[in-house]
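# Fold and contact review
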Number of protein chains: 2
Amino acid sequence: MKNYIKANEWTIVEEGFDAQLNKISESIFSIGNGRMGQRANFEEKYTGETLLGNYVAGVYYPDKTRVGWWKNGYPEYFAKVLNAANWIGIDVNVNGETLDLHTAKVSDFQRILNMKEGHLERSFVAELPGGNKLKVSSKRFCSIADDELAAIHYQIIPLNFSGNVTITSSIDGDVKNQDSNYDEKFWDQVNSNMANGTAYLTLRTKKTEFDVCTAAHTLIKVNQQQVTVAAETLTKHKFIATKLSYEVKANDVVDVYKYASNVTSQNYKKEDLLAAAEKAISRAIASGYDKLLQDQAEAWANKWEEGDIIIDGDVAAQQAIRFNIFQLNQTYTGKDARLNIGPKGFTGEKYGGSTYWDTEAYCIPFYLATAPQQVSKNLLIYRHNQLQKAIENAAKLGFNSGAALYPMVTMNGEECHNEWEITFEEIHRNGAIAFAIYNYIRYTGDQSYLAAYGLEVLIGIARFWKQRVNWSEEKNSYVILGVTGPNEYENNINNNWYTNKLAAWCMRYAKEAFELVKSSDVDEYLRIVGLTNFKEEQELADWTKIADQMYYPFDKKHNVYLQQDGYMDKEQVLVAELAAEERPLNQKWSWDRILRSCFIKQADVLQGMYFFEDEFDLETIKRNFKFYESRTVHESSLSPCVHSILAARLSDEEKAYEFYLRTSRLDLDDYNNDTEDGLHITSMAGTWMSIVEGFAGMKVRDNQLQFNPFVPSQWNSFSFNIGFRGTQLKIKISSTQISITNNSANEIEVKVLNEAYAIPTGETEILFKEVCV
Amino acid sequence: MKNYIKANEWTIVEEGFDAQLNKISESIFSIGNGRMGQRANFEEKYTGETLLGNYVAGVYYPDKTRVGWWKNGYPEYFAKVLNAANWIGIDVNVNGETLDLHTAKVSDFQRILNMKEGHLERSFVAELPGGNKLKVSSKRFCSIADDELAAIHYQIIPLNFSGNVTITSSIDGDVKNQDSNYDEKFWDQVNSNMANGTAYLTLRTKKTEFDVCTAAHTLIKVNQQQVTVAAETLTKHKFIATKLSYEVKANDVVDVYKYASNVTSQNYKKEDLLAAAEKAISRAIASGYDKLLQDQAEAWANKWEEGDIIIDGDVAAQQAIRFNIFQLNQTYTGKDARLNIGPKGFTGEKYGGSTYWDTEAYCIPFYLATAPQQVSKNLLIYRHNQLQKAIENAAKLGFNSGAALYPMVTMNGEECHNEWEITFEEIHRNGAIAFAIYNYIRYTGDQSYLAAYGLEVLIGIARFWKQRVNWSEEKNSYVILGVTGPNEYENNINNNWYTNKLAAWCMRYAKEAFELVKSSDVDEYLRIVGLTNFKEEQELADWTKIADQMYYPFDKKHNVYLQQDGYMDKEQVLVAELAAEERPLNQKWSWDRILRSCFIKQADVLQGMYFFEDEFDLETIKRNFKFYESRTVHESSLSPCVHSILAARLSDEEKAYEFYLRTSRLDLDDYNNDTEDGLHITSMAGTWMSIVEGFAGMKVRDNQLQFNPFVPSQWNSFSFNIGFRGTQLKIKISSTQISITNNSANEIEVKVLNEAYAIPTGETEILFKEVCV
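Because the structure is a prediction, the values reported are computed rather than measured.

Before going further, it helps to examine the sheet that holds strand β26 (residues 699–701) of chain A. Residue and element names in this part refer to chain A. Here four strands make up an open sheet; going across it, the order is β26-β27-β31-β32 and the pairing mixed. The sheet is open, and its two borders are formed by β26 and β32 (755–759), each paired with just one other strand. Between one strand axis and the next, the sheet turns by 35 degrees as a mean value, whatever way the strands run. In terms of strand pairing, strand β27 (residues 704–707) meets strand β31 (residues 748–752) through three bridges, oriented parallel. Bridge pairing in β31 places Phe707 opposite Val752.

Structural data, given as structure tokens:
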């Protein structure tokens, strides 16, 4: 746990340079625009410890897996987010000495992530070993207004010398992934050239053959005047740079502007890439830096209008929740259904892949409420596009007849993961994907999604569950054997309550969806039956029968749903009884001991109660919450938010706030000592959920928004912006009232504390009957 | 499955050269002497496919592990049997052309493994591309009479030419392991030199720093006359050779004799190694080839006298059983308690390590009956010597107070394996180690072993079980959660019947052993209590309580012990219903499907009934055998022998023979298409058990040998040699009688078909009351 980030409502601030913290800061201060992104590496040369990271969305490399003991069914590769060409390089040489914060005397160092306007700033004074002193400041951003573009403004002021300043502005494609399994480099050079002052470097990924053309145009102003300087082009293999030299006097202001562009063969023909990059750079030059920066600020203002959360009375909490929202929006903008939300976004390499069940279980609710409908729809379509691969994946494991098993980790729909107890057994992911379809339709009312996309996916998933269960004579029920639930501290278990519950629900929902499409759109019905070779009578009957006769483990003594068969055979110890030095278990205990213990990484019974809340009365939720909460160690970043939301439901506001705190500053305060590897992007959506679904108690039922709010006692009030079916709303909650501002022309009806209210255009204040604290 | 080995009672014969089969033959024709060994690679250069293999017992390399996903508790390395310096090299050059069977025209090729006398012969006629034709024969052996020595006689006869023959006789240490995880070489050179016609090469293993000095002395006779030829020394890094040139006429007989020695720093100080090698080579030169060969034949005659099995009426079966006995004796001679029985012996690299539970569960019975008592005792002492490491290993997993968990795979007592479901969970190995102590004492009567070595080990093991169980409120019993039984087609299961049974037995036996030592040897009692810090009253009471209240899963419906909790939830399909093309499951099914299915790799309930046969009535064994046999796919080479023995107990002689057949020619006929990797050494002991414990129904009870025999209908009779408490016996069984030849001066009493007989010196024939077929 660190505590060096200064609290501020709209910015993340680091003051003073501490090389020890640099890799953590590189993660925290990352910038991105959904299409590309990067860690907060320095522009100038840095010989200290750093984790270089420039990423281009959707461009990956299928790295040959490293496996201890091969199991039939393992994939051959693990697709990795790729470290791409580093375009930020602006090396500075002063009278023959290179600026390097590792060797210079640094003062007045400051790094600021401006979340309001979407840029990264840095400034410092450096005294080089030879005594030359200069003041440097830089500002950069990846434009979300024009997501092929990025720009840097790098300013140098000689403080105590005159002489030569040489700038080497580079594109360096000779990069490698730290997590490369066999220490290979993943890029080949296609071409490089310099034309009209713009450097171009096109690289191609090995095996996958993605081409990425990176272009950079650099210009210099001295004392506000554009100057023409001696320019030299440097080229090496996978490297191109412009070297610009200028004679300066002390206190001259040297402004370097660097416009960069990444364009990829995902969006252009390979032969058109260079032209596309040239066009992008021309747009940047035509706009100029100030205009690009202004466009960026405006685009971010729109994002905040859609999804800001304001917390009154707690600056650290305010900063934290904005940081989470900011990073989610930097990672995924929803423009491209081929992209998804990597667990580290553009902030690190770890975990490879781009898509986990996190997307459906945690991220969808965030994007549903804070972004245009198309954004969450694209996340669903991503899975629809990969249905055929999911069917192939299931076939590899011995399933047939169109059964679909979505991968645990994927880039292009193919399974990447190779750990049998996860890859083959953590099949609950298939349920979360179905649930996301349901959730999307519940929120948006977009029933047409079923016929167009959703039903085919639901059929594939229901078919998988149908084949994955087996009849137990012993239990006179259908059982699901050999699974791993969200609680990964148990493997290869039988009858995981959550998985069984989700499987039965999927089969029922697939049937319901099928009947809905059949009754509403006969053409689509016929298309889908033909396409999936659907045996209507038999398959629907099978699904109903299995769902009706599914086995659910239950413990009579505690009157709770049982996580899995045999859970009560374990020695029942509570987390409260664990010595502090034993934790985190995953660092202190052997895997064997973790597996045998009753301790839970992430409580899957509670995850099920969160998904299917309406099926359970409060007493049942309370009993199960109490039982599992006391056994859960929350060693998954995805765990606390669900506990926070359920605690809020149970009016245990203190616990709700406690669990919220665990997630919101996870990365800012480097809770788990792993922020240097990158940020926990997907769990950030859980933080948002804790506030909106937890504290505000927001849900959509019967096509209506409902609120069941309270304000944590540490706060004065909180408010948040959401979109709901075309209406933009601002909800402000204090202990005495909820105020809803309807920014649309249409009146909507909402429920607050189970009472219905009409909300016309403008602000409506609803006083609570009793104080909600 | 292959069928190219010619059946013969005492030899393994391959006729004709088929490069496709070469790697299989290299395994089958391997030779060794317990101290060193090698695959049947060619002496002369061979550019075709080959798996080079020279091994020196106990010399290993701790190769950095390759792990997909690290788990706490994994070892850092996997100790590998090392490919050591290749000392057999005798390259042949004829008038400038190199003899290479890959490029020559080969005829009259024959390879013979002479099991009776312990050597490998090969002969062929080769026509080189240039037309020169020569006849070659070679014979080589690793001496079991002087196990630092090996010798080769290599004969060349020019058939159609005169001219130059050049022999390059080498020691090549620039070898590598095919299974090197990171493609590293494991040896460094210490020194090399040539002195008095002997080449010396000393290599040192990286990390472990074992020194091995390999020496070779080569001399040539032409037409029976020793000749002095131009000798040149060739040296390269990790390579030394003598080049000998001679002018020959057609039909001259060129005999090359090469004496080789391997001595290691395990047995000599490093500074004395060279001298030790020189001494060994001097012994060889002094003896001469013929004498060494004669000593070898005599030593093997002794081995056969101790452990031969003769089958009358079935040459293929005869050849097979001798092959199994021969390879076991080549692998382990029991002279050195630091050595053990690698799963591939000296025949390949696969599986690394040297010691698995195979040693205790399968090999001990073989060595008990066919070798001096010290041999099996040394196998037990091996584990005693590693007790401290087993305690450290348990501590790594969170156990304490002297609890010992022996490793799954080891060289020096440290765990090498890194697959959590095996390494951490296949803990039944600890029980087999205790059982082997019991078995050794039962067979030999050597109660003194307990006080001297056994009890300390039993205490460590019992302490482990005591901590590994937990009390289940639910079951009102002690349970053992999260294990893998011998049936590795299930992982992380609860209450594996076999493991629970073995654990309870271990605790009871440890208590019994403790009390026996206490009552018989107060000094040893005090020594051990002090050494182990034994809390007598508490620990003995704990063991008894846990053993008495252990939970054993049981299925009432089928009236059988249940392999594990929840087994009856699986879809119950029989192996007979499996389509042939689905098998072997481990090649045809995904791991996930195997885990979920009811199919069993190796039936652990039956393994338990084999160990503890006396506790169960025949009806119980029969019910359990029927139930599990029909669900077992025998995809472990260790499986069929137990079924064979139990079937014999149940008088199901047909099944007993069927299961025997599955093991006996496993490698000779390359049943599983994997003989090229090396032989299945440890399962060979199971084949022996099938005959002696199965067909002959031999066991030791109340200090007495018992027989319960039958003769498979395919055989006329069979006989076998065993040693029992100082008496050498030859047992011959036909369908009408058992004849026992007592080669000692003392009368012994045996039971045959539950009747006692006195067996004086000489042969005693006992007629059966009814025909035993």
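Back to the text.
So, about the pattern of salt bridges. Counted according to the given criterion, the structure contains 96 salt bridges over all chains. In this structure, Asp569 of chain A and Lys475 of chain B form a salt bridge, with 2.5 Å as the shortest nitrogen-oxygen distance. Of this pair, Asp569 of chain A sits in the loop between β25 (560–561) and α14 (585–588) while Lys475 of chain B sits in the loop between β22 (470–472) and β23 (477–479), which puts the two residues in different chains. Take Lys475 of chain B: its relative accessible area is 24%, and that puts it in the partly exposed class. Among the salt bridges present, the one from Lys389 of chain B reaches Glu414 of chain B, with a minimum N-O distance of 2.9 Å. A residue pair is termed long-range when its members are at least 10 positions apart, and Lys389 of chain B in helix α7 (residues 387–396) and Glu414 of chain B in the loop between α7 and α8 (420–423) qualify at 25 residues. Its relative accessible area of 27% is what places Lys389 of chain B among the partly exposed residues. What you see here is one network of salt bridges that share partners, running through Arg35, Asp147, Lys335, Asp336 and Arg338 of chain A.

Okay, the interface of chain B and chain A next. Across the boundary between the two partners, chain B contributes 49 residues, which contact 49 residues of chain A. Here chain B packs against chain A, burying approximately 3,900 Å² in sum over the two surfaces, 49% of which is carbon and sulfur. Interface area lost by chain B to chain A is led by Trp69, Asp569 and Arg596 of chain B, which between them contribute 19%. Where chain B meets chain A, there are eight salt bridges. Here chain B and chain A share 24 residue pairs in polar contact (both at pLDDT 80 or more) between them. Contributions of two or more residues to the side of chain B that touches chain A are made by α8, β22, α14 (585–588) and α15 (591–596) of chain B. Per-element tally for the side of chain B that touches chain A: the top contributor is α15 of chain B, with five residues. Classifying every residue of the side of chain B that touches chain A by side-chain character gives 16 nonpolar, 14 polar and 19 charged.

So, about the packing of aromatic side chains. Applying the stated criterion to the full structure yields 123 aromatic pairs over all chains. When the ring of Phe17 of chain B is compared with that of Phe109 of chain B, the centres are 5.0 Å apart and the planes differ by 50 degrees; the resulting orientation is tilted. Of this pair, Phe17 of chain B sits in the loop between β1 (11–15) and α1 (22–28) while Phe109 of chain B sits in strand β9 (residues 105–114), and the two are 92 residues apart along the sequence. Among the aromatic residues, those joined into a ring-pair cluster are Phe435, Tyr438, Tyr498, Trp505, Tyr509, Tyr610, Phe611 and Phe612 of chain A. A cation sits over an aromatic face here: Lys71 of chain A above Trp591 of chain B, 4.1 Å from the ring centre. Against the face of Phe29 of chain A rests Arg111 of chain A, its NZ or CZ located 5.5 Å from the ring centre.

So, on to the relation of the copies chain B and chain A. The transform that puts chain B on chain A rotates by 180 degrees and translates by 0.1 Å along the axis, for an RMSD of 0.0 Å. Between the two chains, the operation in question is that of a two-fold axis. The share of interface residues of chain B whose copies in chain A are also at the interface is 100%, consistent with both copies meeting through the same surface.

Rules behind the numbers
- Residues numbered from 1 in each chain as written.
- Chains lettered and ligands numbered in written order.
- Predicted model: local features only at pLDDT ≥ 70, side-chain atom pairs only at ≥ 80, totals over all residues.
- Heavy atoms only, no water.
- Pairing = 2+ DSSP bridges.
- Helix = DSSP H or I, 4+ residues; strand = E, 2+ residues; numbered from the N terminus.
- Axes fitted to C-alpha atoms, helices over the stretch in contact; angles between N-to-C directions.
- Salt bridge = Lys/Arg side-chain N within 4 Å of Asp/Glu carboxyl O.
- Buried < 20%, exposed > 50% of the residue type's maximum accessible area, 1.4 Å probe, protein only.
- Contact = heavy atoms within 4.5 Å.
- Buried area = accessible area lost by both parts, 1.4 Å probe.
- Polar contact = N/O pair within 3.5 Å; in protein donor to acceptor, adjacent residues only side chain to side chain.
- Nonpolar A, V, L, I, M, F, W, Y, C, P; charged D, E, K, R; others polar.
- Phe/Tyr/Trp six-rings, centres within 6.5 Å; stacked < 30°, edge-to-face > 60°.
- Lys NZ or Arg CZ within 6 Å of the ring centre and 35° of its normal.
- Least-squares fit on C-alpha atoms with pLDDT ≥ 70 in both.

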